[in-house]
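Geometric and topological summary
Listed below are the residues making up each chain.
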Amino acid sequence: MKCKKCGEKASIHMRQHKLALCKEHYLEWVPEQTERFIKKYEMFNRDEKILVAVSGGKDSLSLWDILVRLGYQVDGLYLGLGIDGGINYSHESQRLTEEFAQRIISNFTWWILKRNTASPYPCWRKAATADTGSPAPCAGSPNATK
Ligand SMILES: [Zn+2]
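Residues numbered from 1 in each chain as written. Predicted model: local features only at pLDDT ≥ 70, side-chain atom pairs only at ≥ 80, totals over all residues.

**Thoughts on the overall build of the protein**
In terms of helices and strands, the protein carries three helices and six strands. Put simply, the protein has 146 residues, and 21% of those count as buried. In the protein, 37% of the contacts between residues at least 6 apart in sequence involve partners at least 24 apart. (Helix = DSSP H or I, 4+ residues; strand = E, 2+ residues; numbered from the N terminus. Buried ≥ 20, exposed ≤ 12 C-beta atoms within 10 Å, placed from the backbone. Contact = placed C-beta atoms within 7 Å.)

**Concerning helix α2 (residues 58-69)**
Here α2 contains 12 residues, and its C-alpha end-to-end distance of 16 Å stays within 8% of the 16 Å for a straight helix at 1.5 Å per residue. All of the buried residues along α2 are Leu61, Trp64, Leu67 and Val68. When α2 is viewed along its axis, its buried side chains cluster within an angular range of 130° and face the same direction. Set apart from the buried face of α2 by more than 90 degrees, the exposed residues are Lys58 and Asp59. Residues of α2 that are buried make contact with β3 (49-54), β4 (73-80) and α3 (89-103). Gly71 sits one or two positions beyond α2 and adopts a positive phi of about 95°. (Expected span 1.5 Å × (residues − 1). Arc of directions from axis to C-beta.)

**A few points about the pairing of β4**
Within a regular strand, the side chains alternate between the two sheet faces. Inspection of the sheet shows β3 paired to β4 by six bridges, in the parallel sense. Opposite Ile50, over in β4, you have Val74 as the bridge partner. For the handedness criterion, the β-α-β arrangement of β3, α2 and β4 is classed as right-handed. (Pairing = 2+ DSSP bridges. Right-handed = clockwise from strand over helix to strand, strands pointing away.)

**Quick word on the nonpolar core**
Ranked by size, the top nonpolar core spans 13 residues in total, and within it Trp64, Leu67, Val68 and Val74 carry the most contacts. Where this core is concerned, the elements lending two or more residues are α2, β4, α3 and β5 (109-116). Per-element accounting of this core gives the leading share, four residues, to α2. Beyond its immediate stretch of four places on either side in the chain, Val74 contacts Ile50, Val52, Trp64, Leu67 and Val68. (Core = buried A, V, L, I, M, F, W, Y, C linked by C-beta atoms within 7 Å.)

Laid out in structure tokens, this is it:
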């Protein structure tokens, strides 16, 4: 199968779109489609601030990245649910989100909602910005350094 745009070997074939694209053209197509649907459904504009909930997985981090690249004012929000599952799941997800924000998103702010054991209420905090780098501890949280 060949890329519909350049004729090189396709990396992906999307049957629902009847479209095959090489890696380069797929990486152009996804932001174009994102922009098209934002406008079609009048979701938001570049004057509005957008908050993207990120899990640390490829889907939410890609959306965050695409919206930033398209020029939207986007903050990331990571929800630290304290899930362990024998693999330290939440901690690893937060680590991946932090790494992504610092490495890929050059001008970012991201927020964290973290549960702590001392309070039934989760703690909101501005986790980091491009200027401050690493997150600040949750005020009053005994688990703040975790
Ligand atoms: Zn191509």
